[in-house]
Each structure stands twice: as structure tokens, then as C-alpha cells.
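# Coordinates in review
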Amino acid sequence: MTWPYKDTMPIDSAPETFIAGLTAVTDHIQHRFSELNDSEPIPSRREIDAALQALPSALPRSGLGVDATVHHLIKDITPGLLRGHAGSRFYGLVTGGVTPASQLADILGTSYDESLQINFPDATMAVALEQRALDMVLDLLDIPAEWFKGRSVTTGATASNIMGLACGRDALLLQSPHLPEGYTIAEHGFPPHIATVGQSPSSVPAIKVLTVKAHGSILKAAAITGIGRANVLDIPAATSEENPWGLAFDTIRLEEELCQADSLRQGVIVVVTLGEVNTGGFTPNIPGIEALCRKYHAWLHIDGAFGGFAALLPQYRHLVEEMKLADSLTLDAHKWLNVPYDTAMFYTRKASDLIRSFGPSPRLGTPAYLQVHADSATATVDVPDDVLKLREWLSGLTSPLNCGIENSRRFRALPLYAGLLEQGKAGYTDIIRRNCDFAQRICAWLTDPAKGGKWYTLVNSVEDAANPASSAKVPLNIVLFRGSHASCYPPSDMSSTTRLLHAINRQRLIYVTPTSWAGVGALRIAVSNWRTGLEGDGDFEAVITALSVAAHG
Ligand SMILES: *Cc1c(COP(=O)(O)O)cnc(C)c1O
């Protein structure tokens, strides 16, 4: 294809030009919104090819201008994008979607293009909105706002996990008798002669991370924070009826490791996952793990990326008290809260733990150009007390650059705030319940010998303790399954998972992603979109059709 666009005036500031582009974009979004549920979740190979061919081979010399650029995006590029990623039939990973108000807020936020770097209380109240949004997330979970005093809006659970390991690392080193007082990696870099795990520490022992089936981002966090991937140890208990997916800690080994590390005054971060991403399962006995952390001076990081929000359902209420035990806590907004990418939260019990690792150097202080100089002469006459209090609150808030990874960053708290207001506690509870019920319906179909049971095996079934005679259940919102021995996709055949994956996705009715469990391939259906399973949506029928058709090879 030849590049059909002409270089034109690069700068066209006429309002009509922008408004024409905006209208084209809103028309497109409007159309997508009404079609999203029934449209094919992924584009065809041909559409992807065409969009690839539409990419310019080089930068246009003088620019296309607004009109041609927007036309290019809508006509050439969007057909090659994952059109159903935000829709109700995309069941890969755990992707959520975007609620209407959070999508609109994102568009508004872009229009303001405000960077939440420094708290300028004379110029904007954006930092207060961010704090209120962070409070409201805790409120959603019935955790008192003052419980976690350090907090930040982040780009994802990965960033939050990096922050958790960084905060733990520096808080632990501060207690280390092997280092001079006040020593942190954030300030002083790596201590000389760090010993690796297993070596007899003649100098400063490395920090180690003890976990069970942590999300891959914990290894990335260990890599970035200098802890090192080799110092992340997986210590699962043997699988059993009570521990079907091996998410429980081997508590004897955990205590041994903690006790040994404590005797060497070696720092340990224990990472517990709520909602393991493969199965949706939970690590049990968090209070017991926390007690060991306290006894042996370890840092407890809880990664509740999406599973933490299961606490909204009565059967998972206990997660609220468990999340409160964390020294640091990760929660994602762009997964189950259905806020646009990329948005997540990070919390620590003490604000000082966050500022130590992400704030200014205690030696150098904040660079002059990043300092806040509030105008104290702003009139206070005739200002009611409650307003004065609010002003004081805003002025006292820490600049976001001192409690997070980025300096400049987008106003991603605005869509989060909008989603929280739009849905409230009842709305989010309903989404999470509806998503779990949907997974349960698929599970019932898969295990019914007259239906999906003819071809498929459910991998992540749990016993219903209250009703052992009841049919199989899956934890939360994730269904893991594979072809049965009698199917065209027997688990003994290495190619089965890929063949089944393609047989399902090729129909472009639903989209699923592969994984493996206990060394054998399996497919995942993860239900996390706010629209999935709404009355009359046809989503369930789409799943059953896709699985039935695929079963016939
Ligand atoms: C998804 C997930 C992550 C990583 O989250 P991102 O938002 O993709 O960075 C970390 N931990 C768990 C448990 C997750 O489910």
C-alpha cells in the first residue's frame, strides 16, 4: 500500500479543526460502545496485516495535520487493534475493562494534561483528589483510611510490587547491625560484599524474599530493587486436599528460614498473594504468617492485585482483616475495578517507609525547582472553618513525586475516582459477584457429563466445604480447564493446549489464553469485565458455543 496522506500544515490551531477531530473520535467511541458486546473480540489476521501495511515507513516531513492523522488512526489503525479487550468476551489474563464514567474521566484528564508531580495548593487541588480516591479504595474494602498512611497511585501491580520490595528492603536495612546507622540502599547504594543466600555471611547478608507462587512481577521487583531474583525463594507446602494448588506456605520451613535469617540479622520480605493469577486461589493462614513475620522481624508484603477485591463478597470477608496485617499492600485498579490502563495502588502502614525509598535524599533535600512555595497571603478573611481545614489538608499533602516511582505523571487518579463514584460499593460488589457467578456457570457446564464434561476436564475445582455433595466449584472468577482423555485434545499430547487454544480463539466469539498447571497445559477463562454476564448479553451462550464447536476439532 502506498502512503495516501499528504504532508500539510503541521500546526493548525483553529478550534474547528480540533472540534472536527474530536467529533470523529467521539463518533467512533460511541459506535464502539454500542457494538462492543457483540463484536468479535479480536480482529482478523487480514485486518492486522492491513494495519501493519498502513504504518508509514518514516516520519512525515512537515506533518499531516489533525484531520488526516485522526482519519488515519480511525480508518487504518483501529481495525488492527484488540477491539474486544475492553469487552465482555475477552477472557485472557485478568484484564477488566473500562466503566463508562472512568473512560470519560480519562478523556477529560487528558484534556487537562495535568502532571501530578508537585503539590501546588495555590494552583490545583488534584493531589487532594488523588488522596481521596486512595481513601475511597480502602473504604471500598472497609479498611480505615488512616490504616495505611503511605500511599501512591501507580502504573500497575508490577510498579506497586517494586515499591513494596523497595520499601521493605530499606526498612530492613535500617535495622541491620551490619551497617552504619541510617544506611539504606536508596541513599547509599549496595553495601560492600553482600553475601548470597547459603553463603556464610562474613559481611552483610543479602535480603531474601520468601513466597509461594508469587506473580512474575515479584521477580522483576527483586531484579530492579537489587535484591536479586536468586534471593526469591519459593517455599510451598506439599499439595494436598487442603492445599490443592500448592498456595500454602510450608510453615515449618518458613519458620526455619525466618529464624535462621533473624539470628544472622538478615532482612526477609515475605510476599503473600491474594488471588493467584493462574487459578484465582488464595494463600491460606495469613494471620499465622504475619505472626511469624512479627516474631522474626520480617516485612510482610501482600499482593492483592485483583484477588484483594474478592473481600467484597461475604465468603471472602476475612481478606479485609488479612490485608490489614500487611506492611505494604498492592492493589490493581485496571483489573477488577475496571479503570482504564494504567492504574494501580500501593499502600504502606507508615508514610515514612514510602518517603525513605522514594522521597528526596536526606542529605541533599528536594531540588530547588521542585520545591513548593505556597502563597501565605491568600485571603483567609470570611473563609468558613471547614474550608480552612480543607485548605490546610491540601497544603499538608506530600507531593506525589516523593511517594512514587515517577516524577511527572498523568492524572491517573481521575478515572479511578470516577469509577469509584460511579459504581460505589454496591456497583463493584455486583460486578465481582456477577463475574464469579459467570465463572461458576461455565464450571457447571464443563463438569456436566451430558454437556462440556464429554470433552473437557476442569483443573481448578474446589470443594464446597459447607456442601460437599454439591457440584464442582472454581475459586473466584477463573476457570482452568483442558481437553479430557477422550477428547481430540488429550492432555498426554503436547500440542493439545495450542490446538485447543486456536480452535477456540479462531472462532472469534470469545478470547482465552493458555497456561500450564502441574506441568500440563491448560486454558484459562478469567472473567473480570463489568459487562460480562449482564442479563440478555449472550456472553454465556458465546462461551458454550465456542467450547462446543472447538470440542469437535
Ligand atoms: C496482574 C498481577 C500483577 C501484575 O500487575 P500489572 O498490573 O500487570 O502490573 C501482580 N500480581 C498479581 C497477583 C497479579 O494478578
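Refer to the preceding data block for the structure.
Residues numbered from 1 in each chain as written. Predicted model: local features only at pLDDT ≥ 70, side-chain atom pairs only at ≥ 80, totals over all residues. Heavy atoms only, no water.

Bringing the site of the ligand into the picture now. Lining the immediate surroundings of the ligand are 15 residues, of which Thr158, Asp303, Asp332, His334 and Lys335 lie closest. For the ligand, an oxygen atom lies 2.6 Å from a polar atom in the side chain of threonine 158. For the ligand, an oxygen atom lies 2.7 Å from a polar atom in the side chain of histidine 334. Contact with the protein chains removes 86% of the 380 Å² of surface that the ligand exposes when unbound. Tallying contributions element by element places helix 6 (residues 157-174) first for the shell around the ligand, with 3 residues. The residue makeup of the shell around the ligand, split by class, is 4 nonpolar, 8 polar and 3 charged. (Near = heavy atom within 4 Å. Polar contact = N/O pair within 3.5 Å; in protein donor to acceptor, adjacent residues only side chain to side chain. Areas by Shrake-Rupley, 256 points an atom, 1.4 Å probe, with all protein chains shown as cover. Helix = DSSP H or I, 4+ residues; strand = E, 2+ residues; numbered from the N terminus. Nonpolar A, V, L, I, M, F, W, Y, C, P; charged D, E, K, R; others polar.)

What follows covers the pairing of strand 8 (residues 328-332). Within strand 8, 5 of the 5 residues are buried, which leaves it mostly tucked inside the rest of the structure. Residues of strand 8 alternate between two faces, with Ser328, Thr330 and Asp332 on one and Leu329 and Leu331 on the opposite face, all of them buried. Pairing between strand 7 (residues 299-303) and strand 8: 3 bridges, direction parallel. Considered in strand 8, the bridge of isoleucine 302 is made with leucine 329. For strand 8 and strand 9 (residues 344-348), the ladder comprises 5 bridges, and the chain directions are antiparallel. Paired with threonine 330 across the strands is phenylalanine 346, a residue of strand 9. (Buried < 20%, exposed > 50% of the residue type's maximum accessible area, 1.4 Å probe, protein only. Pairing = 2+ DSSP bridges.)

A complete count under the given rule lists 11 aromatic pairs for this structure. Ring plane angle 90° and centroid distance 5.5 Å describe the contact between tyrosine 456 and phenylalanine 481, whose orientation is recorded as edge-to-face. Note that tyrosine 456 is positioned in strand 10 (residues 456-458) and phenylalanine 481 in strand 11 (residues 478-483), a separation of 25 residues in sequence. The same class applies to tyrosine 456 and to phenylalanine 481, which are both buried. Aromatic ring contacts, followed pair by pair, group Trp445, Trp455, Tyr456 and Phe481 into a single cluster. Its end group placed over the ring of phenylalanine 540, arginine 441 keeps NZ or CZ at 4.2 Å from the ring centre. (Phe/Tyr/Trp six-rings, centres within 6.5 Å; stacked < 30°, edge-to-face > 60°. Lys NZ or Arg CZ within 6 Å of the ring centre and 35° of its normal.)

Attention shifts here to the sheet that holds strand 13 (residues 520-526). With antiparallel pairing, 4 strands are arranged side by side in an open sheet as 10-11-13-12. The sheet terminates laterally at strand 10 and strand 12 (513-517), the two strands that pair on one side only. When strand polarity is set aside, the average angle formed by the axes of neighbouring strands in this sheet is 40°. With 3 bridges joining them, strand 10 and strand 11 adopt antiparallel strand pairing. Across the sheet, threonine 457 pairs through a bridge with arginine 482, a residue of strand 11. Packed onto the sheet, helix 15 (residues 496-505) meets strand 10, strand 11, strand 12 and strand 13 and runs at close to 25° relative to strand 13. (Axes fitted to C-alpha atoms, helices over the stretch in contact; angles between N-to-C directions. Contact = heavy atoms within 4.5 Å.)

The next subject is the packing of helix 9 (residues 251-263) against helix 10 (residues 286-295). Between helix 9 and helix 10, whose axes approach to 10 Å, the crossing angle comes to 15°. In terms of axis orientation, helix 9 runs roughly parallel to helix 10. Crossing geometry of helix 9 relative to helix 10 is assigned as right-handed. Between helix 9, through Thr251, Leu254, Glu255, Leu258 and Asp262, and helix 10, the contact on the second element is made entirely by Ile289, Leu292, Cys293 and Lys295. Of the residues assigned to the contact of helix 9 with helix 10, the class counts are 5 nonpolar, 1 polar and 3 charged. (Parallel < 35°, antiparallel > 145°, perpendicular 65-115°, else oblique. Left-handed = near helix turned anticlockwise from the far one by under 90°.)

Moving on, we get to the layout of surface pockets. Here the largest pocket defines a volume of roughly 1,400 Å³. Around the largest pocket sit 39 residues that line it, and Val25, His28, Ile29, Arg32 and Gln103 are the ones nearest its centre. No other element matches helix 1 (residues 15-35), which puts 12 residues into the lining of the largest pocket. Residues belonging to the lining of the largest pocket are distributed by class as follows: 22 nonpolar, 12 polar and 5 charged. (1 Å grid on protein atoms, 1.4 Å probe; cavity = no way out; pocket = protein on both sides within 12 Å on 5 of 7 lines; lining within 4 Å. Points joined across faces, edges and corners; volume = space filled by probe spheres on them.)

Spatial relationships are all this shows, so hold off on functional conclusions.
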